Amino acid sequence: MSVEVGKRQEGGKPVKELHLNAYAKVNLTLDVGQERPDGYHEIESIMHTIALHDSITLREAGSGTEVVVQDGSSVPTDHRNLVARTAEMLREMFGVTRPLQIELTKRIPVAAGLGGGSSDAAVTLLGLAQMWKLRLDGREMLALATKLGADVPFFLEGGGAVARGKGERITYLPPLPTTWIVLARPRTEVSTAWAYRQLPAGEAGPRPNTAAMVEAMKREDVREVGRLLHNVFEDTIASHHPLVRDLKTRILKGEAYGASMSGTGPTVFGLMANEAAARKTADDLRALGDVDVHITRTFAESR
Ligand code: ATP
């Protein structure tokens, strides 16, 4: 989370505001285990934040909790938005009655496997804790993040990490050296719940080698990281959305260390050898039509 504290005038009075960035992630590996009694599945996933981000301004203005979404994105502005839910949860727990306006500029594609909503929630949680001077230690913060969603704990710090359990058991890893990434998102949304229902029962099929990926990251061996990319959802989602496979094939024809689907899709990403390779591949992918293409990089904030 990057925080910038600003003051704005409203009716002659200074208004407290915080400017925050919420970064997207890609899954370098994603493995799914048993369904748990609480309905979540056990997962094991190595995630990494990328430079593509939403921007959030928390402002002490208006009345109650108001969410304003910029950029014509289709995300809801009511209690269904995770940033509103985060604020309401904290209001209830700590009896906060101060007014709050949350201005959300969405750049992370929605329901695309890039964790946008979860990242927005994590950053809002950290920002409000600061703005409302809530006394929350690391353990309490983690518990609140887990309550908001399985991917939210990872985004409290971001960078590179293995997430286990339902996503709340985080082991941080050294972040990758800056690596160019191409994102290709077919213009269709995939709901996470639907994606889990499509997974074949049983444990057949190839699985990611998480231990080898951890070692490759520790060695900062991006080439090996590219070779080990693996997501157990990819084949299933590609069988419903064949463009996923076409995009991956096209990325691998360029100078790529590897390519994979992120999260429950449908976004496919390529780890590219350099910026020129990323630009060339992005042009090739745009030619496939019906796809949004972004060029970005791996990114980790130093906190
Ligand atoms: P993951 O990779 O964690 O599965 P995702 O990137 O596939 O997540 P999101 O973009 O987080 O999915 O959005 C999933 C759903 O959450 C959408 O249907 C959206 O309406 C809802 N949502 C609630 N709050 C937000 C938010 N702040 N940003 C985006 N989506 C949100």
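Residues numbered from 1 in each chain as written. Predicted model: local features only at pLDDT ≥ 70, side-chain atom pairs only at ≥ 80, totals over all residues. Heavy atoms only, no water.

**A short note on the site of the ligand**
Quick reminder of the rule: Proximity is defined per residue: if any heavy atom of the residue lies within 4 Å of a molecule or strand, that residue is considered near it. Polar contacts, as counted here, are pairs of nitrogen or oxygen atoms within 3.5 Å of one another; within protein the pair requires one atom able to donate a hydrogen and one able to accept it, and residues that are adjacent in sequence qualify only if both atoms are side-chain atoms. Accessible surface area values rest on a Shrake-Rupley calculation with a 1.4 Å probe, where residue burial reflects the displayed protein chains alone. By the criteria applied, helices consist of DSSP H or I runs no shorter than four residues and strands consist of E runs no shorter than two, each listed in order from the N terminus. When residues are grouped by polarity, Ala, Val, Leu, Ile, Met, Phe, Trp, Tyr, Cys and Pro land in nonpolar, Asp, Glu, Lys and Arg in charged, and all others, Gly among them, in polar.
In the vicinity of the ligand lie 20 residues, with Lys106, Ala111, Gly115, Gly117 and Asp151 positioned nearest. In the model, an oxygen atom of the ligand is placed 2.8 Å from a nitrogen or oxygen of the Asp151 side chain. Bound to the protein, the ligand loses 80% of the 610 Å² it would expose on its own. Per element, the largest residue contribution to the shell around the ligand is 4 residues, and it comes from helix 2 (residues 116-131). Class assignment of the residues belonging to the shell around the ligand gives a composition of 8 nonpolar, 7 polar and 5 charged.

**Some words on the nonpolar core**
So the rule is basically this: By convention a nonpolar core is built from buried Ala, Val, Leu, Ile, Met, Phe, Trp, Tyr and Cys residues, the set being connected through side-chain atoms within 4.5 Å. Three labels apply to residues, based on accessible area from a 1.4 Å probe with only protein chains included: buried if under 20% of the type maximum, exposed if over 50%, partly exposed otherwise in between. Each domain's extent is set by a domain assignment, obtained either automatically or from a database. The contact criterion used is simple: two residues touch if any of their non-hydrogen atoms lie within 4.5 Å.
The biggest cluster of nonpolar side chains holds 64 residues, and the ones touching the most others in it are Ile56, Leu58 and Leu125. The greatest single-element share of this core, amounting to 8 residues, is contributed by helix 2. Looking at which domains feed residues into this core, each of domain 1 (2-172) and domain 2 (173-297) supplies at least three. Setting aside residues up to four positions removed in sequence, Ile56 forms contacts with Leu18, His19, Leu20, Ala22, Val83, Ile102, Glu103, Leu104, Asp120, Val123 and Thr124. Ranked by size, the runner-up nonpolar core spans 24 residues in total, among them Ala24, Ile181, Leu183 and Val225.

**Here we look at the side chain of Thr264**
One can find Thr264 in the loop between strand 10 (256-261) and strand 11 (268-272). Every residue in contact with Thr264, bar those within four places of it in the chain, is listed here: Gly113, Val190, Thr192, Ala195, Tyr196, Phe233 and Ile237.

**Quick word on the sheet that holds strand 12 (residues 291-297)**
Just so we agree on the cut-off: At least two bridges found by DSSP between two strands is the condition for calling them paired. Under this scheme, a helix contributes an axis fitted over its contacting stretch, all axes are lines through C-alpha atoms, and angles between N-to-C directions fall in the 0 to 180 degree range.
The sheet built from 4 strands is open, its strands ordered 10-11-8-12 with antiparallel pairing. Of all strands in the sheet, those with a lone pairing partner are strand 10 and strand 12, marking the two edges. For this sheet, the mean inter-axis angle between neighbouring strands, taken without regard to orientation, is 15°. Pairing of strand 10 with strand 11 involves 5 bridges; the strand directions are antiparallel. By the bridge assignment for strand 11, Met261 is matched with Val268.

**Considerations on helix 10 (residues 275-286)**
In an α-helix, one turn spans 3.6 residues, which is why side chains three or four residues apart end up on the same side. Stated formally: The length a helix should cover is 1.5 Å for every residue beyond the first. By construction, the arc corresponds to the directions joining the helix axis to the C-beta atoms.
Helix length check: helix 10 (12 residues) gives 17 Å between terminal C-alpha atoms against 16 Å at 1.5 Å per residue, within 8%. Among the residues of helix 10, Ala277, Ala278, Thr281, Ala282 and Leu285 are the ones counted as buried. Viewed end-on, helix 10 has its buried residues packed into an arc of 135°, placing them on one side of the element. Of the exposed residues in helix 10, those oriented more than 90 degrees away from the buried face are Ala276 and Lys280. As for helix 10, its buried residues are in contact with strand 8 (180-186), helix 9 (243-253), strand 11 and strand 12. Looking at where helix 10 begins, the residue whose side-chain oxygen comes 3.2 Å from the main-chain nitrogen of Ala276 is Asn274.

**Comments concerning the side chain of Thr210**
Inspection of the secondary structure assignment puts Thr210 in helix 6 (residues 210-218). In this view, Thr210 contacts Thr29, Glu44, Ile46 and Val162; residues no more than four positions away in its chain are not counted.

**A look at the domain arrangement of the protein chain**
Test applied: Accessible area that two parts lose when put together, with a 1.4 Å probe and added across both, is what the buried area reports. One speaks of a salt bridge when a side-chain nitrogen belonging to Lys or Arg is within 4 Å of a carboxyl oxygen belonging to Asp or Glu.
Here the protein chain is partitioned into domain 1 (2-172) and domain 2 (173-297). Placing a centre on the C-alpha atoms of domain 1 and another on those of domain 2 gives a separation of 24 Å. Each side of the interface is counted separately: domain 1 has 30 residues, and domain 2 has 35 residues. Between domain 1 and domain 2, roughly 2,600 Å² of surface is buried when both sides are summed, and carbon and sulfur atoms account for 62% of that area. In terms of surface lost to domain 2, no three residues of domain 1 exceed Leu28, Leu30 and Val32, which account for 22% of the buried area on that side. At the junction of domain 1 with domain 2, the criterion picks out 1 salt bridge. When the shortest N-O distance is used, the salt bridge between Arg207 and Asp31 registers 2.8 Å. Our count for the domain 1 to domain 2 interface comes out at 17 residue pairs in polar contact (both at pLDDT 80 or more). Of all the secondary structure elements, the ones that give two or more residues to the side of domain 1 that touches domain 2 are strand 2 (13-35), strand 3 (41-59), strand 6 (160-164) and strand 7 (169-173). With 9 residues, strand 2 is the single largest residue contributor to the side of domain 1 that touches domain 2. Among the residues making up the side of domain 1 that touches domain 2, the classes are represented as 17 nonpolar, 9 polar and 4 charged.

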